[in-house]
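Coordinate analysis (summary)
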Amino acid sequence: MTLLHMLAFLAAIIPVHGTVLGPGANGTLIIRNDPVTKMVPARTRAYRVTPKLHVTPGVGIDGFLDRSVTPWRWYDAAIAAKFTPGLPEPDRVIPFDYGSHMPHTILIDQLGRPVDLASSFPGKVELISFVFTRCPDKDECPTVSNKFKYLQDHLDPNKFHLAIISLDPVYDSPAVLRAYGKQFGADPQRWSLLTGQPQQIQNLLNRFGISSMRVSDANFIHNDRVFLVNQEGAVADIVDTVGFAPDSMISEAKHTAGLVSSPLGRLELSLVASVVALCGGSQYSGVVLMETILFFVIAIASFAVLAWVARKMWVPPSP
């Protein structure tokens, strides 16, 4: 590892969860931290913790790990249970809806940099969705990421920013997200891959209305949503499917930014999302149904036009 890579490794901010074992010397806490994939192994050591927490042994805490100081420091620490995926709990939070503003929640991107959902991309339209890097279904998370790659390549970075939030913060460390992003050509200046403290992510999943049901240690069943956030940080549109054509999403994003866009593209996006909702959330059956409906609409319209032309062309013989 070169000195530059070592400095970058140490400078990266790492969301972490651990269990307090007791007080240490000089105001530190002895903590057994959970492993952070490809970054920090599970270990027990003395950490300086800010703000100071008055906790008993056995209590879990979340925080951001700073390894650039000695002893290593946890900051923004808070008492927290282990991350537990499940259905969103809207009764415990204020869900995001049209007009809702993004919160001042600090997440960490693939380079280990802090990102504030509410203020890190001023004056830009944000497109936000969710994946997990271990997803085994090529028609789910990899499809989302491929479409975001297309959006990255076709949207002006001066006016738009893309963000994908991991719904698996226990595994998806900044290092994992960085490797995942390279598979899809993610430019960190245009497309942020985000993780965070486990309880922060759980809160955001509740607010964004994202379900995350564990079916194995490495697999989740989840719903798909894309949020478009305007330049003022407010939700402008919610697309309840990733079965959209990327060009139709580009049309909607440009409309949100106040730019000239394709009305047909926006109509297509709206139709796909509406039909998917009627189909109970199945994006693929929704797209098929929409295409079937459009086929019959076009066929009926074509027959109507042909009938009108035939009436105009056929002139009954004079008596």
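Our structure's up above, just so we're on the same page.
Description of the structure in this document. Model, not experiment: these values are computed from the prediction. Position numbers for residues count from 1 along each chain, tracking the sequence in the order it is written. Owing to the predicted nature of the model, reporting of local features is limited to residues with pLDDT of at least 70; listing and counting of side-chain atom pairs is limited to 80 or more, with chain, interface and lining totals taken over all residues. Excluded from the side-chain calculation are hydrogens and water; included are all heavy atoms of the structure.

All right, on to the overall build of the protein then. Only DSSP runs of H or I with at least four residues qualify as helices, and only runs of E with at least two residues qualify as strands; both kinds are numbered from the N terminus onward. Per the secondary structure count, the protein includes seven helices and 14 strands. Here the protein holds 319 residues, and 46% of them are scored as buried. Counting only carbon and sulfur atoms, one obtains 62% of the accessible surface of the protein, whose full area is about 16000 Å². Residue burial is assigned from relative accessible area. The probe radius is 1.4 Å, only protein chains are included, and a residue is buried under 20% of its type maximum, exposed over 50%, and partly exposed in between. Exposure was quantified through the Shrake-Rupley algorithm and a 1.4 Å probe, taking into account, for residues, occlusion by the shown protein chains and nothing else.

We now examine the pattern of salt bridges. Salt-bridge detection follows one rule: a side-chain nitrogen of Lys or Arg within 4 Å of a carboxyl oxygen of Asp or Glu. The final tally for this structure, using the stated rule, is nine salt bridges. Here R134 and D168 are joined by a salt bridge, their closest N and O atoms 2.9 Å apart. Of this pair, R134 sits in the loop between β8 (125–131) and α2 (141–154) while D168 sits in the loop between β9 (160–166) and α3 (174–183), placing them 34 residues apart in sequence. The partly exposed category is assigned to R134, whose relative accessible area is 27%. On the basis of relative accessible area, D168 is assigned to the buried category, the value being 2%.

So, about the nonpolar core. Side-chain atoms within 4.5 Å are what join buried Ala, Val, Leu, Ile, Met, Phe, Trp, Tyr and Cys residues into a set we call a nonpolar core. Within the largest apolar cluster, 53 residues are counted, with the highest numbers of intra-cluster contacts made by L127, F208 and M249. Once residues lying within four places of it in the same chain are set aside, the contact partners of L127 are F148, L151, L155, F160, H161, L162, A163, F227, L228, M249 and A253. Residue contacts are defined here by distance: any two heavy atoms, one from each residue, within 4.5 Å place the two residues in contact.

Right, let's get into the sheet that holds strand β4 (residues 60–66). One closed barrel accounts for five strands, arranged β1-β2-β3-β5-β4; its pairing is mixed. Averaged over all pairs of adjacent strands, the angle between strand axes in this sheet comes to 55 degrees, irrespective of strand direction. Examined bridge by bridge, strand β1 (residues 14–23) and strand β2 (residues 29–33) share five bridges and lie antiparallel to one another. Following the sheet pairing, G22 is matched in β2 by I30. DSSP calls a pair of strands paired once it identifies at least 2 bridges connecting them. Only C-alpha atoms enter the line fits that serve as axes; for helices the fit covers just the stretch in contact. Angles between N-to-C directions range over 0 to 180 degrees.

Between 30 and 60 degrees the pair is tilted, below 30 it is stacked and above 60 it is edge-to-face, where a pair is any two Phe, Tyr or Trp rings, Trp via its six-membered ring, whose centres lie within 6.5 Å. With the rule as written, the count across this model stands at eight aromatic pairs. Seen from their ring centres, F64 and Y75 are 5.7 Å apart, and the 45 degrees between their planes marks the pair as tilted. Of the two residues, F64 is situated in strand β4 and Y75 in strand β5 (residues 73–79); the sequence distance between them amounts to 11 residues. Assessed through its relative accessible area of 22%, Y75 is described here as partly exposed. For the ring pair Y180 and F184, a centre distance of 4.9 Å and an interplane angle of 50 degrees mean the geometry is tilted. The exposure class of Y180 is buried, given its relative accessible area of 6%. Classification of F184 by relative accessible area gives buried; the value is 11%. Among the aromatic residues, those joined into a ring-pair cluster are F96, F130, F208 and F227. Here, a charge over a ring means that NZ of Lys or CZ of Arg falls within 6 Å of the ring centre while also lying within 35 degrees of the ring normal. The ring of W72 is capped by R45, whose NZ or CZ atom sits 4.1 Å from the centre of that ring.

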